[in-house]
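Residue-level structural notes
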Amino acid sequence: ECVSGCVCPDGLFDDGKGGCVQEKDCPCIHNNQWYSSGQKITVDCNTWQVIIFVCQKGSWSCTEYVCYGTCTIYGSGHYITFDGKFYDFDGRCEYVATQDFCGDRNSSGSFSIITENVPCGTTGVTCSKAIKMFLGKTELKLEDKDYKEIQRDIGDDVRYWNTTVGLYLVIEASNGVMLIWDKKTTVFIKLTPDYKGKVCGLCGNFDDKSNNDFTTRSGVQETNALKFGNSWKQSSTCPDVTEEIKPCDVKPHRESWAKKECNIIRSDVFKICHSKVDPNPFYDACVHDACSCDSGGDCECFCSAVAAYAQECTKAQACVFWRTPDICPIFCDYYN
């Protein structure tokens, strides 16, 4: 946008905002926002890199740093893979969320994370009830807002640490695996770049390509989320999911309320985030959850869905203060 021309004296450039500046002071544009020369922005870790752009003379110069990959599981069967693929899967069983044992018979792998999904309403949708985390010979079961440790006879010793950060329980292991749990239905799984292309499960293979994330347990690439999800169930006795559940069709009287409440995601409250993170899949997921939670926990389902979008906004450098005394309040002094 910063160009010389007949509107500015020789040696000065039109800054696109009605002024004339020296070349070194030319601004830059990113997502329709103006940035002054020398300002820095961070592009989130949708891939394996975090890229810091520095505005210099009207153009961006970039530096690259390696960062964690993140898989998100939240609400009633919503998944965002390490490579950013967003999909829904409502299965009633235990499923492999991610593991580093992916077919090499000579390796037992160093970790596995299992999600146990149960119905969370009368419409048939499911939520994560418990998480099992296998680290070498240690098994951690996260359930009922707490976790317990079980020592098994086989496996390596993998050290881990646990801390509580605000609403979340954080478990960090020495093998580069981190799990962040809100003690309800949301879990974030973070892996170091050492695991790129070496993991499998519902969270995908972490190879920077989202189009091959639907790789089944047998190594076949699927296009159908249900067939892909069914392949990662832990027990063959669990029934396969054969159709996508649409709770707003089952409970149409809840749909108008769900859309009204979830519209906060599309509203001006999140305006600074809309150009950075597409709100539409998160809005659809919110409506889905708000319709489905019809046996108590209406607000919890809605709040978790909005919080998932807010989390993605924060990763994209768009921090939104959306909670109010009337909308999903948190008693911060209690958690401080």
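Relevant structure appears above.
Before going into details, it helps to say that this report is about the structure given with it. Fair warning: this is a prediction, and the values are worked out from it, not measured in the lab. (Residues numbered from 1 in each chain as written. Predicted model: local features only at pLDDT ≥ 70, side-chain atom pairs only at ≥ 80, totals over all residues. Heavy atoms only, no water.)

Along its length, the protein carries seven helices and 19 strands. For the protein, contacts bridging at least 24 residues in sequence account for 47% of all contacts bridging at least 6. Surface summary for the protein: the accessible area is close to 17300 Å², and the carbon and sulfur share equals 48%. (Helix = DSSP H or I, 4+ residues; strand = E, 2+ residues; numbered from the N terminus. Contact = heavy atoms within 4.5 Å. Areas by Shrake-Rupley, 256 points an atom, 1.4 Å probe, with all protein chains shown as cover.)

This part covers the sheet that holds strand β13 (residues 126–135). Spatially, β11-β12-β13-β14-β15 is the arrangement adopted by the five strands of the open sheet, whose pairing is antiparallel. With partners counted over all chains shown, the strands left at the sheet margins are β11 (94–99) and β15 (146–151), one partner each. Neighbour-to-neighbour, the strand axes of the sheet open up by a mean angle of 25°, direction not taken into account. The sheet contact formed by strand β12 (residues 111–119) and β13 spans nine bridges and is antiparallel. When the bridges of β13 are listed, F111 appears paired with L135. (Pairing = 2+ DSSP bridges. Axes fitted to C-alpha atoms, helices over the stretch in contact; angles between N-to-C directions.)

Here we take up the sheet that holds strand β17 (residues 168–173). If you trace the seven strands from one edge of the open sheet to the other, you get β10-β9-β8-β19-β18-β17-β16, paired in antiparallel fashion. At either margin of the open sheet sits one strand with a lone partner, and together these are β10 (86–88) and β16 (160–165). Across this sheet, the average inter-strand angle for adjacent strands is 15°, counted without regard to direction. For strand β8 (residues 69–74) and strand β19 (residues 187–191), the ladder comprises five bridges, and the chain directions are antiparallel. Across the sheet, T72 pairs through a bridge with F188, a residue of β19. Helix α5 (residues 280–292) rests against β8, β9 (78–80) and β10 of the sheet, and its axis sits at about 155° to β9.

Before going further, it helps to spend a moment on the state of the cysteines. Counting across every chain of the model gives nine disulfides. Each sulfur in the disulfide pair C303 and C328 lies 2.0 Å from the other. Linking C303 and C328, the disulfide has an S-S dihedral of approximately -90° and is accordingly described as left-handed. Taken as a pair, C303 in helix α6 (residues 298–315) and C328 in the loop between α6 and α7 (332–335) lie far apart in primary sequence, 25 residues in all. Summarising the burial analysis for this pair, C303 and C328 share the class buried. (Disulfide = S-S within 2.5 Å. Buried < 20%, exposed > 50% of the residue type's maximum accessible area, 1.4 Å probe, protein only.)

Moving on, we get to the pattern of salt bridges. Enumeration over the complete set of coordinates arrives at 11 salt bridges. Three or more residues are tied together by salt bridges with common partners; here these are K129, K141 and E143. (Salt bridge = Lys/Arg side-chain N within 4 Å of Asp/Glu carboxyl O.)

With respect to the helices and strands, the residue G229 is situated in helix α1 (residues 225–230). Overall, the relative accessible area of 0% leaves G229 in the buried class. Taking the C-alpha atoms as reference points, G229 and G91, separated by 138 residues in sequence, lie 7.7 Å from one another. If near-sequence neighbours (up to four positions away) are discounted, G229 is found in contact with F89, Y95 and L202.

With that settled, consider the nonpolar core. Formed by 43 residues in total, the largest nonpolar core has its most connected members in I113, I189 and L191. For I113, the contacting residues outside a window of four places in its chain are Y95, V96, A97, T98, I131, K132, M133, V177, L179 and I189. Within the second largest apolar cluster, 30 residues are counted, among which are V287, A290, C303 and V306. (Core = buried A, V, L, I, M, F, W, Y, C linked by side-chain atoms within 4.5 Å.)

Below, the discussion takes up the packing of aromatic side chains. Using the criterion set out here, one finds 12 aromatic pairs in the structure. On the numbers, 6.2 Å between centres and 55° between planes, the contact of Y168 with F188 is tilted. Linking Y168 in strand β17 with F188 in strand β19, this pair joins segments that are 20 residues apart in sequence. The partly exposed category is assigned to Y168, whose relative accessible area is 26%. Of the residues examined, F188 reaches a relative accessible area of 6% and is grouped as buried. Three or more aromatic residues joined by ring pairs form one cluster here, namely Y79, Y87, F214 and F228. For K196, the ring lying beneath its charged end belongs to F206, and the centroid distance is 5.6 Å. Note that R266 overlies the ring of Y283, its terminal NZ or CZ placed 3.7 Å from the centroid. (Phe/Tyr/Trp six-rings, centres within 6.5 Å; stacked < 30°, edge-to-face > 60°. Lys NZ or Arg CZ within 6 Å of the ring centre and 35° of its normal.)

Between its terminal C-alpha atoms α5 stretches 18 Å, which fits the 18 Å expected from 13 residues at 1.5 Å a residue. Burial of α5 is extensive: 10 of the 13 residues sit out of reach of the surface. All of the buried residues in α5 are F282, Y283, A285, C286, V287, H288, D289, A290, C291 and S292. (Expected span 1.5 Å × (residues − 1).)

With that settled, the discussion passes to the side chain of Q99. Tracing the sequence through the fold places Q99 in strand β11. Within the structure, Q99 has its side chain in polar contact with the backbone oxygen of F101 (distance 2.9 Å). Reaching out from Q99, the side chain makes a polar contact with the side chain of S112 at a distance of 3.3 Å. Dropping the residues within four chain positions of it, Q99 is found in contact with F111, S112, K198, V199, C200 and W232. (Polar contact = N/O pair within 3.5 Å; in protein donor to acceptor, adjacent residues only side chain to side chain.)

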